[in-house]
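Structural description and commentary
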Amino acid sequence: MIIKFWGVRGSIPTPGKDTVVFGGNTTCIEILSAGQERIIFDAGTGIRVLGLELMNTEFGQGKGKAHIFFTHSHWDHIQGFPFFAPAYVGRKDMQGKRISECSNEFNLYGAADVGDRLETTLRGQMDNYYFPVDLNYLSSNINFKTLKDYRVTLGDTTITAFKLVHPNGVLGYRIDDGKSSVAIATDCEHPSDGTIDPNLLQLAQNVDALIYDGQYTPEEYAPHRFNLPGPGKQGFGHSTAEEGIRAAKAAGAKRLIITHHEPIHNDEFLAKMEKDARKLYAATDFAREGMMVEL
Ligand SMILES: [Zn+2]
Ligand SMILES: [Zn+2]
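Residues numbered from 1 in each chain as written. Chains lettered and ligands numbered in written order. Predicted model: local features only at pLDDT ≥ 70, side-chain atom pairs only at ≥ 80, totals over all residues.

**Let's talk about helix H7 (residues 267-280)**
Short version of the rule: For the purposes of this entry, the term helix denotes a DSSP run of H or I that reaches at least four residues, the term strand denotes a run of E that reaches at least two, and both are numbered from the N terminus. For a helix, the expected span equals 1.5 Å multiplied by the residue count minus one. Here the C-beta atoms are placed from the backbone, and a residue counts as buried if at least 20 other C-beta atoms lie within 10 Å of its own, exposed if 12 or fewer do, and partly exposed otherwise. Working note: the arc is built from the helix axis to C-beta atom directions. Any residue pair is listed as a contact if its two C-beta atoms, each placed from the backbone, are within 7 Å.
Compared with the 20 Å implied by 1.5 Å per residue over 14 residues, the 20 Å span of H7 between its first and last C-alpha is a close match. Along H7, the residues classified as buried are Leu270, Met273 and Ala277. Considered in projection along H7, the buried side chains sweep an arc of 55 degrees and stay on one side of the axis. Looking at H7, the residues exposed on the side facing more than 90 degrees away from the buried face are Glu268, Lys272, Lys275 and Lys279. Considering only its buried residues, H7 is in contact with helix H6 (241-251), strand E12 (256-259) and strand E13 (284-286).

**A closer look at the pairing of strand E10 (residues 181-185)**
Within a regular beta strand, the side chains point alternately toward one face of the sheet and then the other, so they alternate between its two faces. Definition in use: Paired strands, in this sense, are two strands between which DSSP finds at least two bridges.
Here E10 lies mainly inside the structure; five of its five residues are buried. Burial of the side chains of E10 extends over both faces: Ser181, Ala183 and Ala185 are buried on one face and Val182 and Ile184 on the other. Pairing of strand E9 (residues 170-176) with E10 involves four bridges; the strand directions are antiparallel. In the sheet register, Tyr173 faces E10, and the bridge partner there is Ile184. As consecutive antiparallel partners, E9 and E10 are separated by four residues, and within that stretch Gly178 has a phi angle of approximately 90 degrees, a positive value.

**Some details on the pairing of strand E7 (residues 151-154)**
Across four bridges, the pairing between E7 and strand E8 (residues 157-164) is antiparallel. Bridge pairing in E8 links Val152 to Ile159.

**Side note on the sheet that holds strand E11 (residues 209-213)**
By way of backbone hydrogen bonds, the strands of a sheet pair with one another, either parallel or antiparallel. As a reminder of what qualifies: Only the stretch in contact is used when a helix axis is fitted, and all axes are lines through C-alpha atoms; the angle between N-to-C directions ranges over 0 to 180 degrees.
Spatially, seven strands are ordered E7-E8-E9-E10-E11-E12-E13 in an open sheet, and the strand pairing comes out mixed. Of all the strands in the sheet, the pair left with one neighbour each is E7 and E13. This sheet shows a mean twist of 20 degrees between the axes of neighbouring strands, independent of strand direction. The strands touched by H7 within the sheet are E12 and E13, with E13 carrying the most contacts at an inclination of about 170 degrees.

**Some words on the sheet that holds strand E3 (residues 38-41)**
Pairing is mixed in the open sheet, where seven strands are placed in the order E6-E5-E4-E3-E2-E1-E14. Both outer strands of the open sheet, strand E6 (141-147) and strand E14 (292-294), are each paired with one neighbouring strand and no more. Looking at each pair of strands side by side, their axes are set apart by 20 degrees on average, direction ignored. Relative to strand E2 (residues 28-32), strand E1 (residues 2-7) runs antiparallel, the two being bridged by five bridges. Paired with Gly7 across the two strands is Cys28, which belongs to E2. Relative to the sheet, helix H1 (residues 46-54) contacts E1, E2 and E3, its axis offset from that of E1 by approximately 120 degrees.

**Some remarks on unusual backbone geometry**
Note that the residue after Gly230, namely Pro231, is joined by a cis bond; omega there is -5 degrees. Its location among the elements puts Pro231 in the loop between helix H5 (218-221) and H6. The phi dihedral of Gln36 falls on the positive side, at around 70 degrees, and the residue is not glycine. Looking at the element boundaries, Gln36 is found in the loop between E2 and E3. Its 10 C-beta neighbours within 10 Å are what place Gln36 among the exposed residues. Residue Asn227 is not a glycine yet carries a positive backbone phi of 55 degrees.

**A word on H6**
Along H6, the residues that are buried comprise Ala241, Glu243, Gly244, Ile245, Ala247 and Ala248. Its buried side turned inward, H6 meets helix H4 (198-203), E11, E12, H7 and E13. One or two residues past the end of H6 sits Gly252, with phi positive at roughly 75 degrees.

Structure follows, in structure tokens:
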């Protein structure tokens, strides 16, 4: 499988000269499975750039098909969707019926208890108070699907969802394409009692790569432990690279990729965080926008 990172920033886009190395777009990860299924995780602002790239392929002619899985519907994971150009590509006949041969097809997945509001939320952010174009104007074939049994099979690829800890809930996803496996665990907070979330351990068991939310430094997360003034970020629903390393080691993940970078962390700071993390676990990378990983 090929993994491409289109957005690795947490919370809010951070354009500017201090973020050009790691990137400023919010969460969007694309996976092309061994069986050539195109699977996208989250529609942060990174999906806009992915969309532009896809327009040079069959998606430009309305002949593309992709699956978009949402971890949850916080802003930074949905805000790019109205700017995803391939979603606009399609045609209807005189009766208003969509012509499938020239309409892109997108299956959008969210869990019942995390994302039954997925459709409502995506429609809501395109309400005319916020956006000039209604979701119904998108001419592609968009199907909202609920992850009822937390598992979807697409050809040889299985996508399994696990609930993780985040305000209002979040899903982690494990993708097995028959040749390799990856776990995506963004927007998740580690338990405060020193244990590791059993769902995370299951999600990441022996994966080739674990993609993990390492938004904060331990000092930012819990300043009181370092005799620093607060308030800390505990309870905000995010974790640290150090906790990601503990989980990766315990689950037997072969490599760790840290994502959902904190908006105030500039390139220099993130490079230092990456260097420090590698001292604890050499197989650690901090995700950069545009980074491609082949497993
Ligand atoms: Zn987020
Ligand atoms: Zn979130």
